[in-house]
Structures are given as structure tokens and as C-alpha cells.
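# Fold and geometry: a report
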Amino acid sequence: MTWLGDFFGDPANWSGPGGIPMRLLEHLEFSVLALLLAALVAIPLGLLIGHTGRGGLVVVVSANLSRALPTLGLLVMFVLLLGTASIWPVIIPLVLLSVPPILVNTFEGIRGVDPELRDAAYGMGLRGGQVLGRVLVPVALPLILLGLRLSAIQVVATTTVAAYTGLGGLGRFVIDGFATKDYASVVGGSVLIVLFALVVQLGFTLAQRVTVSPGVSRRLKTR
Amino acid sequence: MNDGPPTIWEWVARNWDTGRVGSIKDLLGDHLVMSLVPIVAGLVLALPLGLASVRWRWLYQPTAGLFNVIYALPSLPVFMLLISVTGLSKTTVIIPLTFYAMAVLIPAVVDGLGSVPDHVRQSAVAMGFTPLRRLVRVELPIATPVVLAGLRVVAVSSISLVSVGALIGQGGLGMLFTRAYQNPFMPPVVVGIVLIVALALVADGLLVLAQRLLTPWVRARRAS
Amino acid sequence: GGGGGGNPLDTTSAAPSGSAPAGGGGKAVIGSFDFDESVLLGSIYAQALEAKGVQVEEKPRIGSREVVYDQVKSGGLTIVPEYNGNLLAFVDLKATAATTDEVNAALKEKLPPELEVLDSSPAEDKDTLSVTKETQTKDSLTTMEDLAKVSKSMVVGGPPEFKKRWEARFKEVYGLEFKEWKPTGPTTADAIKDGTVQVGNVFSTDPKMAANGLVALQDPKNIFPAQNVTPLLNKAAASDTVKTVLNDVSAKLTTQSLLDMMQKISVNKDEPATVAKEWLTTNGLG
Amino acid sequence: MITFDAVTKRYPDGTVAVDDLTLEAPTGEITVFVGPSGCGKTTSLRMINRMIDATEGSILLDGRPVREIDPPTLRRGIGYVIQQAGLFPHKNIVDNIATVPRLLGWDRRKARDRAMQLLERVGLEPGMAERYPFQLSGGQQQRVGVARALAADPPVLLMDEPFSAVDPVVRTSLQDELLRLQAELHKTIVFVTHDIDEAIKLGDRVAVLRVGGRLAQLADPETLLAQPTDDFVREFLGHDRGIRRLQFVPTDGLPLRSGLTVPEGYDGDRSEPWLLTVTPDGRPVGWVPGDGKGGPEPFGTFRPGLDSMRAALDAALLSPSGCAVAVDDDGRVLGVATRDDLDAALTGAVDGGRPHARPERGHE
Amino acid sequence: MITFDAVTKRYPDGTVAVDDLTLEAPTGEITVFVGPSGCGKTTSLRMINRMIDATEGSILLDGRPVREIDPPTLRRGIGYVIQQAGLFPHKNIVDNIATVPRLLGWDRRKARDRAMQLLERVGLEPGMAERYPFQLSGGQQQRVGVARALAADPPVLLMDEPFSAVDPVVRTSLQDELLRLQAELHKTIVFVTHDIDEAIKLGDRVAVLRVGGRLAQLADPETLLAQPTDDFVREFLGHDRGIRRLQFVPTDGLPLRSGLTVPEGYDGDRSEPWLLTVTPDGRPVGWVPGDGKGGPEPFGTFRPGLDSMRAALDAALLSPSGCAVAVDDDGRVLGVATRDDLDAALTGAVDGGRPHARPERGHE
Ligand SMILES: Nc1ncnc2c1ncn2[C@@H]1O[C@H](COP(=O)(O)OP(=O)(O)OP(=O)(O)O)[C@@H](O)[C@H]1O
Ligand SMILES: Nc1ncnc2c1ncn2[C@@H]1O[C@H](COP(=O)(O)OP(=O)(O)OP(=O)(O)O)[C@@H](O)[C@H]1O
Ligand SMILES: [Mg+2]
Ligand SMILES: [Mg+2]
């Protein structure tokens, strides 16, 4: 616990480009940027594939493969390929890694909607887009959010590792602390990252509460 | 020795087995140890916990919640925090990976046992199975496909996660990445990625094979 | 603040195998820092010792000096290729010794009783602060003193431990204050070249100095001490054979041969162990 | 009116689901498609609202080929009810019902009012409006499904085995409700079922299909029971066909004798073999032998006019006298139909006369 | 024999599922528990093999309280069949059937032989032995369930709505098969159903339970239909009770007239109002009016002795003549039962006489 005191108690850790607030902001920036880009690619694609039912196998297989890809390997590969002048060598692998969970869950969510329901919607005169937007997406939302959450968890973790390649973010405290035997920095940084991850997790739980209809989550009790 | 960097094949040939520490073969061995131990240990630990969660239903929510949280923790800081307990050793990588494995496998065990239709369970009781025998002969076999599906996820992600351990000097094949970063050179990165993915695919394939052998009734379903 | 007595990085074994017999036992445990030159030197030591029948275990790429030093002290490692100047700076923050002899003398005095250094080799790999030729021309920089006038607008890069080690000394001796300290690790030379940082800590034997068109600023006040390659030993493991072999190695090792070997590693991507073996054979040591 | 004109549906894999189907589903009536599994009922139904397009022939809605109508527009004018109700799980009940009105651009308030009104009409309490589908029983969900299909007051309703997933008791009440609603609303309904009893109960006309999608017989239920065209239809109708037919024989004209009822403690003429004892307020107690020896024996009752000859025969078979006791809605004795009179009526009905009463409904 | 002696079951939440139940299920007979949902049928059944333990009272198996027997041991001696068959999905058919013998320690070979033998007995082909349950239809699964329950030749069989998940046609054949098996094996069977038709068809004795777990009536099926003890039982028996009773009236003694059958192209006496035309090999063609004007009209047939009066009446109601055509197993005309003769037989049966025939089986 003294490590935590040492770390959080040191005013030098609270200011400047290497301070906690800046690092936190950087971490947030990389994570949000990567997740946003991934979502922009994966959600429309997942909706399309789920809705039309074409290409599902490719999605599932590639998602399985992507789980096997080592984060650190990708990071190093892109840094070697593109250099460290911009943040893209880090953002690209982050996006690559977070597309599959969103894609698969969106796809599975849409595809898993009871065919009767889809039928009923068409039978009532909804057009293709309306069926997707008004019925399939709300019903598949829990899975879509799950995909986003899994990706977010992964992005936060990978952003941490990305500090190894000289990028900012909370991973700096851990990696620099490790190199300089400053265990207070290691512990403090780790705790910050863990808290960050938990807040992300909590955020998604709350988002789920707010956006998913109680009729789908079945959270209401009868009577 | 000629000038200029070797091709990827030359590099592999030179470094596959140098007989010294850090050869590819050596790293591969480390990698296997650090990924297989969590898979096996995760399963061994998840089984009793899953069973307990089914027996005492109140246990499931807190257990699942806890492991859900654990699963969300990034591996690097967890490795780092664990150093104060286990030091700079393989154990530091193995322990968190075991917990990640449990986070996937406990729900799999619970779902697997939940996939045993109630009427099947009732039948077993009515036929005079004792509880233990029922568990071993009826419930666990029926739960196997679901548990194996979870195990496949665990195997693949454990194998790829080990590489992060390179940042504390315990990465198995991940060490190829840090090495290639310090002395910028692509072949080790490519070889590392390829070997890790291949390892994951092999593990996955073996589990699929196990699934076929252990659960012929599932395979039969696909065939018909 | 420092880690205090409970720092787990102090006390635990850095062994990748997880089982480190504490020192002695006739078996030499050779560690190295996490950069290729150190790994190369470690490998040279190891193979030289093996050739003379000493039982050896290698634990390469353990980490920074902060981590490795404690391992040697505690006996988890018994031999590490060190650089005498930096080692001195590490054990005595106020040390001002600059020449090889001064440094080695100071070291003998400051090292704790369980540790000793063997003969220094003539081979030297100094820390530098380097900039691109363009920067040098533009800001007319020759020495580190010249840097003071522009340092506030510059980002400095280096390994993660660089800031902690040098920030205070730079300010005190040359009045250097930088805009930002960026941990660029092994990519420092590239970072200087591509402008991510304007000035950085590059080793004098780094083949990238030349490849990237970098120039090292002069260090008139000898803030970077002599950096002769010097074996650091835990006395518990120091047998006469070991000492003889390592002193023979140090005697043959020159800055030029170090540069040549690093060239093979950095440019030809040869493995340190292979390069080491080659050198030992050529010099009749392996 | 919905017209099938030589309609054939061939699926891409070659299955002929519907083969040269020609029939009419008249306006304001219930036309039932019945037949064994896979005979093309669903396919036929779904060709009407173009969920499936016919391969050959054409389907006309009031004379206009559906092929010419944009499918979503067509569907908004046709109610569609399916087995699991197909309710939207993410919308509450009232929003589910209001779906089509909203699609048609009604304002929110009007759509909700309409939905609330329909909720009541299908026999659900207004308190259920804010619930979600999963909070309802199967029968309640099915009611909401019907309400939703009716929301925009479409003239046509397609129902595909809507009641087959609920238990028999609930199913009966759903059927009764549908008939009650139809009596008010006079929709043109096409109803699919594989349950012949349901078909006979609900259909104004019943189309029996055979596997391969061929029409085996199209007739009103009475005719169907009396004159199945072939063995397939006969088999499909089951082994109670003769007795079941009696459902369509009315009891209006049945002569009722009143001389056989006597008060409790009666002590008069005993020339009849059996006499029916009644309470002072006219409720039956039981049959006593003419000779006065023996307690009251069981009896069976029917409601003349309301119940069919099937009920009357059943009542007669329950009485030792062989007579059926006629009662009013309150259970008071109206008279007694003797075995002879019943026989005469039965013979009259079966023997040529083709009765056209609705089948009995919701009795017991 | 299974004896319920003042058995009460109260669940921890206070629900009284079974209330003071006393009855006997005699050895070698089928006792059916029937009643509305939630009346405690399943609870009663499961107390026999101690899947549930009684709160009060005791259950005896051949005089020995089940409470004294170790549950697994008890259960291995009692066959148990349930709705979903409860087959083990991970074992093939033959291993499923051999489960209890294996539990009892039979060697593998003997258990398999026994299983193969039973497979045949329940009407499945030996080729199915290696299949897995999901590869079987619902009806086949149910047969395997029965075979499995019989595997160790237990004297007692408990069956909880075993046939309720299969379609009506298959259900009928499963019921028939059960009766056939029972005629060979003479097990003591307790059978639970909520279907009164099934209860009447299968039961030697039928116990009607009411909600709250009270016994409403215990009787053989004929008595039950003829003399329901109260309104609850009467209601439960349904509105076809009178007609249904006819199932228990045999057609053996029914007089058959042969003078009404004539060959095709007949040209003789036409004093009868209707005549039945038959082919040269004796098969019925149809009724023609006595005056010879009009084509052949439909007819209905029954098999005297085999079919009950219910079938005869149904046949009569299908003919314009009101006469039922009696045929042999090959469909050749044996004679004609006239309306009058049927009436007399009906009256005789209903009027006091208590027939004791088994209900008709497997007709059509
Ligand atoms: N999309 C399709 N592709 C190929 N064949 C189909 C398709 N849909 C249905 N069929 C086949 O067409 C035939 C008629 O199917 P349909 O669903 O109309 O039958 P149904 O009478 O509704 O049966 P059920 O009572 O089982 O619902 C069946 O043989 C079915 O297998
Ligand atoms: N474990 C239990 N705890 C509390 N009440 C129960 C329990 N099991 C059954 N009951 C209640 O006991 C009563 C009898 O249940 P039981 O299952 O015996 O009925 P059943 O006649 O078999 O009904 P069904 O025809 O629906 O199968 C019901 O009211 C039921 O709700
Ligand atoms: Mg259908
Ligand atoms: Mg039950």
C-alpha cells in the first residue's frame, strides 16, 4: 500500500505531459478512437451480413482466427512497418483486434433473432430497412453491446501494451516503472488501468440498462 | 557469413535450434508451458466451481460477477501487480491466464450442466442412479460439448495472450517481438505471429478432434 | 520516490525459467541487459567459460540495470557484462570520476562486499546525447553546453530509465531542461531521425548513429563517464577459472571489434550468440 | 374477395408446394385451409400478402392482382397472425398493437387510443397495456397478436395456425373469441390449421389440401362431413364423422313433450315407463321408473335451438328412458325429446336434407 | 399392489399437492390418475418411487412401506416413463435401454441382448439400435422410453403423461401397443394423464383427482361414464359422455339383417325404402332408394363384435337409410343393422344393463 501512497502522493505524477491526467486522457483518446473506428466498420458490416445472411461463415472463421493473433506481435509489426512518427501503427492493430468481436456479435445478434419475428415484421408491411432498424436492432442490441464491450476491454488492454512502443497512455507508468525499478509507478499505473477497465465495464453495463428494452432483457418482474 | 540481413527462411534455419537460450525451439517450449498450464488448471478449477454454482444457485451470481470483472482486467497490469507475489517467473503469467480461463469455463460448465434437459435428469433419478453416478455418467457427458466449446475459446486466447508476458521477460514466443523491436527486423515478428497462430490452430484442431471422439452423438447430429 | 525495501523487483529471481539457485554451486549464471550489445557480451562470456569447462546458465534480456544489479547482488545472477561508468553512477549518484582508472578505483571502493569487478576491457560504449546533422547545423551545436540555449524547446528521447538517471545531472552540470522526456527505447535513433524527438540518448557503438546521420554532442565536463566493458561478479561464484577466462576476454575486446560485431547484429541481423561464437573462435578463445 | 387463379408455387429446390390451386375466399367469410403437414397451407397463405410470390397463376384481391401492388403497401392492408404471435419483445403491448397504425402515419395519440380499444375488444384488461410480451401467457400473447393484426382495420386477415401453440382449453376460448369478433367485424379471413375440428368449428368454407399442394375438396363444413369427395378426405376427417355431422343438425324443430315431467313426490298416473322429476322451480332431479320403484336415475340435458342434435343425442344416451331433457339457459326444464322424435329428426336430417345451421359453439 | 394410505404431500411453500389420498393400484392392472392441471397427479406418482417423499401417510409396495427402501434400490425395481421420454442424448438406443440392467450389474452382453429383445417387443427395428435418440421420431423415442422402463423386467411401471407430446395418430398407436404389451406382461401400471379419453381407453381403474389433490372418484371407466359422483367429475368427463359410453356397449348381440343387400344391377323387389348394393365379392357400393331412382348414397360400416356400439351408431348416422353396414375384417358385408335394432340395443345398454366389454381398440 505504501507504493500506492508513493505514487498517488507524488505531486510530480499529477502534472505535465507525463502526469496522471495527461496519461489518462491519452489512454482514453487512443481507446475511444480505436473503438469508434472499429465500430464504424464492424457494426454496419455485421448488420448487413446478419440481415442478408450472406458471408456468415467467413465472419465466424475470421473472428476465431483473430483471437489467435498476438497483440504484441501486431503492434511491433506495424511499428516496424510504419515507424513511430504517427499514432497509426498503434491504432491500426487496435482496430484490427477489436473489429472481430463487434462484427461477430452484431452478426450473431441479428441472425439469431427469431425468424417468426422477422416474418411478423415483414407481414405487417415494414420495409427491409424498417425491419432492421425497428425490430432486429433493438432485439439484437444486447449482443451488439456485448461485442462492443468485449472490444472495449480488449482495446483498453492493448492500449496498455502499446505503451511499449513509445506511445503514451497509462501503460507508460507500468512499463517505465518496470524499467526503472520504480515499483510504486508500476503498482499505481496498474491500479489506474484496472480501474479504467472496470469503469469501461461498468459503463457498458449501464449503457445496456439504458438502451436495451426491458422487454428484451426481461428485467421486469411480472406483477 | 554473408552481408545484409538474412531472408526469413535463413533466419529461421539459423535460429530454430541454436542449442543456446532463446532459440525459437526454446521459446516455443516456454510458450507451450505457459499456455497449456492455464488451460488445464483453468479446467480443473472451473469444474468444481461450476458444479458448486449449479448445486447452490446463490453462488453463481457472485462467482460469475467476480470472474466477469477479472476477465475485464488487462493482462499487463495484472502481470505487474502479481510480480510482488510471484516474482519474475512463469508463474506470474500462468496465474492470470488461469483466471481468464476460469472466467470463460465456469459459465461454460454451468451452461453445460444447464443444457441437460430436466426430463433427462429426472429419468436418471427415476432409474436409480445415485447422485454421484448421475453426475459422472449422465450430466457431465451431456455437458461436454458446451464445456469443450468454452475450452476452445480458452485455448486460443491463452496461447495468444502469453506473448504479452514478454514485457516482463516471460513471453515465450512473444520474446521474438520484443527482440525484433529492439533490433528492428521483421522476420522474428512474422515467425512469432505465425507460430502463435499455428499453435492456436493446432490446439483448436485437437479440441475439435477431442469433441468428435468424446461426443459422437453430436457428430451424428451434424451428419444427418 | 524510490521503491523502498519491499520492492519485489529487488528481491525476486529474474530467471525466465523460474528456478534460480542462489549463486555458487560451481555454475555460473550469466545475465544481460535487455539490449543486443549486452546480450552479445553475455554470450561471449558464456561461451568462453563453457569452452573452458565451466558450467553455465544464460539468462539474457533480463531488463535494465536497476533490475539486473539487484539480481547479481542477491546471487540470482553471478556474472553480468557491465559498463564501468554507468555502474559507478548507479552505485554512487554523486560520483564524478571520469577516466577508466578513476572510475574503476571508485568502483572498488563503492561496491558492496559481495560484488567485485574484473579487469576492464579497452572496448568502450559511451552514452551520448545525439542530434541530427541538420539540427547540429541549424542550432550550431557542438557540445552539450551549446544545447542549453535550445533545450527548453526540445523533446529528448531515450530508454525509460534515462530520465530518472540523468534529469538532475543534466540540469546541474549543463543547465539542460527539456520540454518533454519521451521514452523511445530502442527506437531512439530512429525517433531522432524522424523528428519525434530532437535529441536523444544513443550509444556510441550503435550502428544507427552512422546509418541515420546522427552526431554525438561533445561532453566537455565528462558527465558521461568512461564506459569500458567490465564484468561484474558476485564473489560467491567467482572462481579462479572464471576470472582468468573473463580477463582474457576483456583483454582482447576492443571498441572496434564491438562496433564490428554490433554491425553484424544490427544490419545483418545475425544472432548475438552466433556473432559471439565467431569472435571467440577468431580470437582463439572459443 | 381473394381469388386464387391456377396458382402454382415451385420452390427453387424443385419442391412443388402448391399445385394449380384455384379457389375463392369470399368477402366477410372465414375460409379455412386444412391438411396434413407440408401440404402447402402456409405457402398458399403467404402468397396472398406476397411474403412468397407465386410461380404461376395469379392471386387477386377484390379483382386486382396482388402482383401489381408494392408488397409493404399490400401487407399494411392485410392483418397477419402467426403461431407464436410474433410480438415484438422490445415493445410493450400497446406499442405492439399500434405498430401498423404508426407505420401508416397515424399520430401517436390516435394510434394508442385505437390500440387500447382493441386491447379491450380481444378481452384483455387495460392494465396489461404497459406490459411486455414476455410477461403474458401464451393465450394472452395470441390475443395481442390478433389485436395487432386488426389495428389498422384491414379488410383481410391471414391467420397461420394462430392457436396451435396454446393448450386446448385456451385454444377453445380463443376460437370462440375469434367467432365473436368476426360476427361483429365481418373480415375476410383466411385461416390455416391442421386440426380438422378447428377447421369445422371456424370455417364458413373449408379447403382440404393434400400433400403436393393439390386441392382435395372445398366445401362448407356440413357438406364436407356429409360428402367427402374421396378416401383421403374421409380419412382426414376421422372416425367420428357421422356423429360429428350432427353438430350441423339444428334442434329447433324437435317436438318436446311436456307430459313426462312431474313434481317431486308425484303420486299420479304411472303408465309411462319413465318420468322426469323436477324441483318446484323447474330444475330436473332425475328419471324415476313409471312404477315408482327406484331412485332418480341420471339424465342428460340440451338447449333446444342453441345446441345441436349432437348434444340432444348425447343427452338421450345418458338417460335410462332414452329421452333428452330440454332446458332453457337457466337450466329449467322446457320439455322432453323422446327417442322416437329424435330418431325422426335424425333420419330427416341425414336422409337428404342438407341443414345449414352454424355448428354449436362454446357449449359447456 | 401399490397402496396409498392417507397420503398427504405439502410442499415447503405450503401448497398442498396431494390431500389425504387413499387408494389401491392392484397388481397386474392399469390404474390411471386423471385430472386437471395441477391436481397432484405427478406428485402422487412420484411419491411411489420416492422422487418425492410424502409428508403424511404412507405408500406401500406389496405391503412394504416404500419409506423403508433405499431410493436408488427402490427405483431400479420400478420402471418410469415420462413425457419427453427422457432418453439420454449421449447414448445410443440400445445403451439407453440397457441402462438399468447395467446399473443392476448385468454383464454388457446380457444387457444388450435384453435390450435388443425389448427393442423388437416395442415394435422397433433392430437397425435402430445404434442410432442416437435425436435421430428418432417422437413416437419412436417414446417406444424406446417404454422399452427402457421394461428393461430390468420390473413388476411396477409408472407412466407420467407418456404420450402427450406426440401427435394424435401416433398417440393412438402407442396406446394400442401399451395395451398389447400389458396383455402379455401383466405389469402393475400407474398411468398419469390429463386426457380423459386416454384414461378411459387404458384404465382398468380410473382415479379422478381434483385440484388440491383430493380424490374425486375411483372407478372402472364404464362406471365412471355412467355414474359420475358429482358435477366436477361430470364436467371433467366432457359433453360427449353419453356417446362415449357407447364404447363400452358391445355389438356382439346386434341382430343383422341380410335381406337388404342386393347385387349391382339388381332388378327385383323394391318394397324396402333403401337397399344396399354390393359388388360380386361382397363389398358395399352404396345405398340406393327402394324405388331405384338415384345413385348410390354414402354408407358407414362397423365390425360386429370388434367395434363398439359407438362405431355402429356412427355408421348408421352416415347412411341415409339410418342402417349401419356390418362388415368383416376384409370389408365384406355381413349384413345390416337397422335403426330399430340399434335403438333397441342402445336402450337395453343404457337402461340398467352395465356392460363390461373393453373399450374398442385401434379401429380405423
Ligand atoms: N423455402 C422453401 N424451400 C423449399 N421447400 C419449401 C420451402 N418452404 C416450404 N417448402 C416445402 O413446401 C411444402 C409446403 O410447405 P408449407 O410450409 O406450405 O406446408 P404447410 O402445409 O404449412 O405445413 P405445416 O402444417 O407443417 O406448417 C413442404 O413440402 C415444404 O417442405
Ligand atoms: N416443488 C414444488 N413446490 C411447490 N409447489 C409445487 C411443487 N411441485 C408442484 N407443486 C404444486 O403442486 C400442485 C400439484 O402439482 P403436480 O405437478 O403434481 O400436478 P399435476 O397434476 O401433475 O399437473 P400437470 O397436469 O400440470 O402435470 C400444483 O399446484 C403445483 O403447482
Ligand atoms: Mg405451415
Ligand atoms: Mg404432471
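Residues numbered from 1 in each chain as written. Chains lettered and ligands numbered in written order. Predicted model: local features only at pLDDT ≥ 70, side-chain atom pairs only at ≥ 80, totals over all residues. Heavy atoms only, no water.

Looking up chain A in an unreviewed UniProt entry gives the name ABC transporter permease, with the organism given as Nonomuraea indica. Recorded in UniProt for chain A, the comment headed Sequence similarities (unreviewed entry) runs: "Belongs to the binding-protein-dependent transport system permease family." (UniProt positions renumbered as here; feature names shortened; annotations may be inferred.)

The subject of this paragraph is the interface of chain A and chain D. Frequently, the measure chosen for interface size is the accessible area removed from exposure when the parts meet. On the side of chain D, 29 residues touch chain A, which itself brings 26 residues to the contact. Of the roughly 2300 Å² buried between chain A and chain D on both sides combined, carbon and sulfur atoms contribute 61%. Looking at the side of chain A facing chain D, the largest losses of area belong to Glu116, Met124 and Arg127 of chain A, adding up to 26% of the total buried there. Here chain A and chain D share 2 salt bridges between them. If you list the elements that add at least two residues to the side of chain A that touches chain D, you get α6 (115-123), α7 (128-162) and α10 (214-217) of chain A. Among the elements that make up the side of chain A that touches chain D, the one with the highest residue count is α6 of chain A (7 residues). Here the residues of the side of chain A that touches chain D are counted per class, giving 12 nonpolar, 6 polar and 8 charged. (Contact = heavy atoms within 4.5 Å. Buried area = accessible area lost by both parts, 1.4 Å probe. Salt bridge = Lys/Arg side-chain N within 4 Å of Asp/Glu carboxyl O. Helix = DSSP H or I, 4+ residues; strand = E, 2+ residues; numbered from the N terminus. Nonpolar A, V, L, I, M, F, W, Y, C, P; charged D, E, K, R; others polar.)

Here we come to the site of ligand 1. Residues and elements named next belong to chain D. In the vicinity of ligand 1, the contacting residues are Tyr11, Asp13, Thr15, Ala17, Ser37, Gly38, Cys39, Gly40, Lys41, Thr42, Thr43 and Glu161. Between Ser37 and ligand 1, the recorded distance is 2.6 Å, taken from a side-chain N or O atom to an oxygen atom. In the model, an oxygen atom of ligand 1 is placed 2.6 Å from a nitrogen or oxygen of the Thr42 side chain. Starting from 640 Å² of accessible surface for ligand 1 in isolation, the protein chains cover 61%. Here the shell around ligand 1 is composed, by residue class, of 3 nonpolar, 6 polar and 3 charged. (Near = heavy atom within 4 Å. Polar contact = N/O pair within 3.5 Å; in protein donor to acceptor, adjacent residues only side chain to side chain. Areas by Shrake-Rupley, 256 points an atom, 1.4 Å probe, with all protein chains shown as cover.)

Another point: the packing of aromatic side chains. To describe a pair of aromatic rings, you give the distance between the ring centres and the angle between the ring planes. Tallied over the entire structure, the rule returns 24 aromatic pairs over all chains. Ring geometry for Phe33 of chain C against Phe35 of chain C: centres 6.0 Å apart, planes inclined by 25°, an arrangement best described as stacked. Arranged with centres 5.8 Å apart and planes meeting at 15°, the rings of Trp166 of chain C and Phe170 of chain C form a pair that is stacked. One end of the pair is Trp166 of chain C and the other is Phe170 of chain C, both in helix α8 (residues 162-174) and 4 residues apart, which spans about a single turn. On the accessibility criterion, Phe170 of chain C (0% relative accessible area) is buried. Every member of this aromatic cluster is reached through a ring pair, and the members are Phe162, Trp166, Phe170, Phe178, Trp181 and Phe224 of chain C. Positioned over the ring face of Trp106 of chain D is Lys110 of chain D, at 4.2 Å from the centre of the ring. (Phe/Tyr/Trp six-rings, centres within 6.5 Å; stacked < 30°, edge-to-face > 60°. Buried < 20%, exposed > 50% of the residue type's maximum accessible area, 1.4 Å probe, protein only. Lys NZ or Arg CZ within 6 Å of the ring centre and 35° of its normal.)

Attention now moves to α6 of chain A. Considered for burial, the residues of α6 of chain A that qualify are Leu117, Arg118, Asp119, Ala120, Ala121 and Gly123 of chain A. A positive backbone phi angle near 100° is found at Gly125 of chain A, which sits one or two residues after α6 of chain A.

With 37 residues of chain A in contact, the opposing surface of chain B contributes 38 residues. Surface buried jointly by chain A and chain B totals about 3100 Å² across both partners, of which 81% is contributed by carbon and sulfur atoms. Here chain A and chain B share 0 salt bridges between them. Between chain A and chain B we count 5 residue pairs in polar contact (both at pLDDT 80 or more) in total. Of all the secondary structure elements, the ones that give two or more residues to the side of chain A that touches chain B are α3 (56-68), α4 (71-82), α7, α8 (171-179) and α9 (183-211) of chain A. Examining the composition of the side of chain A that touches chain B, we find that 9 residues originate from one element, α9 of chain A, more than from any other. Class assignment for the residues of the side of chain A that touches chain B results in 28 nonpolar, 7 polar and 2 charged.

Turning to the UniProt feature "domain: ABC transmembrane type-1" (unreviewed entry) in chain A, a few remarks are in order. UniProt feature "domain: ABC transmembrane type-1" (unreviewed entry): in the numbering of this structure it lies at residues 24-204 of chain A. Summarising residues 24-204 of chain A: 85% helix, 0% strand, and an end-to-end C-alpha distance of 19 Å.

Let us look at the sheet that holds strand β2 (residues 16-25) of chain D. All names here are of chain D. Spatially, the 4 strands line up as an open sheet ordered β2-β1-β4-β5, and their pairing is antiparallel. Both outer strands of the open sheet, β2 and β5 (64-65), are each paired with one neighbouring strand and no more. With 2 bridges joining them, strand β4 (residues 56-61) and β5 adopt antiparallel strand pairing. Pairing of Leu61 across the sheet is with Arg64, part of β5. Strands in contact with helix α1 (residues 41-48) are β1 (2-10), β2 and β4; relative to β1, the strand with the most contacts, it is inclined by about 120°. (Pairing = 2+ DSSP bridges. Axes fitted to C-alpha atoms, helices over the stretch in contact; angles between N-to-C directions.)

In a pair of packed helices, the angle between the axes and the distance between the axes together describe the arrangement. Residue and element names in this part refer to chain B. Taken N-terminus to C-terminus, the directions of helix α3 (residues 60-72) and helix α5 (residues 90-114) make an angle of 145°; their axes are 8 Å apart at the nearest point. As for how α3 packs across α5, the hand of that crossing is left-handed. Across the interface between the two elements, Tyr60, Thr63, Phe67, Ile70 and Tyr71 from α3 touch Phe99, Tyr100, Met102, Ala103, Val104, Ile106, Pro107 and Val110 from α5. A per-class count over the contact of α3 with α5 returns 12 nonpolar, 1 polar and no charged. (Left-handed = near helix turned anticlockwise from the far one by under 90°.)

Bringing the arrangement of the chains into the picture now. The interface with the most contacts, out of 6 pairs of chains in contact, is the one formed by chains A and B. No interface is formed between chain B and chain D, the nearest pair of C-alpha atoms being 19 Å apart. Taking C-alpha atoms as the reference, chain A and chain E come no closer than 19 Å and do not contact one another.

Right, let's get into the site of ligand 2. All names here are of chain E. By nearness alone, every residue bordering ligand 2 is listed as Tyr11, Asp13, Thr15, Ala17, Ser37, Gly38, Cys39, Gly40, Lys41, Thr42, Thr43 and Glu161. Note that an oxygen atom of ligand 2 is positioned 3.2 Å from one of the backbone N or O atoms of Cys39. For ligand 2, an oxygen atom lies 2.8 Å from a polar atom in the side chain of Lys41. Protein contacts shield 62% of the accessible area of ligand 2, which totals 630 Å² for the unbound molecule. When residues of the shell around ligand 2 are assigned to their parent elements, the largest contribution, 3 residues, is made by helix α1 (residues 41-48). In terms of residue class, the shell around ligand 2 is built from 3 nonpolar, 6 polar and 3 charged.

The next subject is a nonpolar patch on the surface. All names here are of chain B. A grouping of Val202, Leu206, Leu209, Leu213 and Leu214 is seen on the molecular surface, where their side chains present a nonpolar patch of about 530 Å² in accessible area. Note that Leu213 resides in helix α9 (residues 186-214). Taking relative accessible area as the criterion, Leu213 reaches 66% and is therefore assigned exposed. (Patch = residues over 30% accessible without salt bridge, like charges linked within 9 Å, V, L, I, M, F, W, Y side chains within 5 Å.)

All names here are of chain A. Feature annotation in UniProt places "transmembrane region" (unreviewed entry) on residues 30-50, 71-96, 131-148, 155-175 and 187-207, given in this structure's numbering. Helix makes up 100% of residues 30-50 and strand 0%, with an end-to-end C-alpha separation of 29 Å. Along residues 155-175, the helical share is 62% and the strand share 0%, with 17 Å between the first and last C-alpha atoms.

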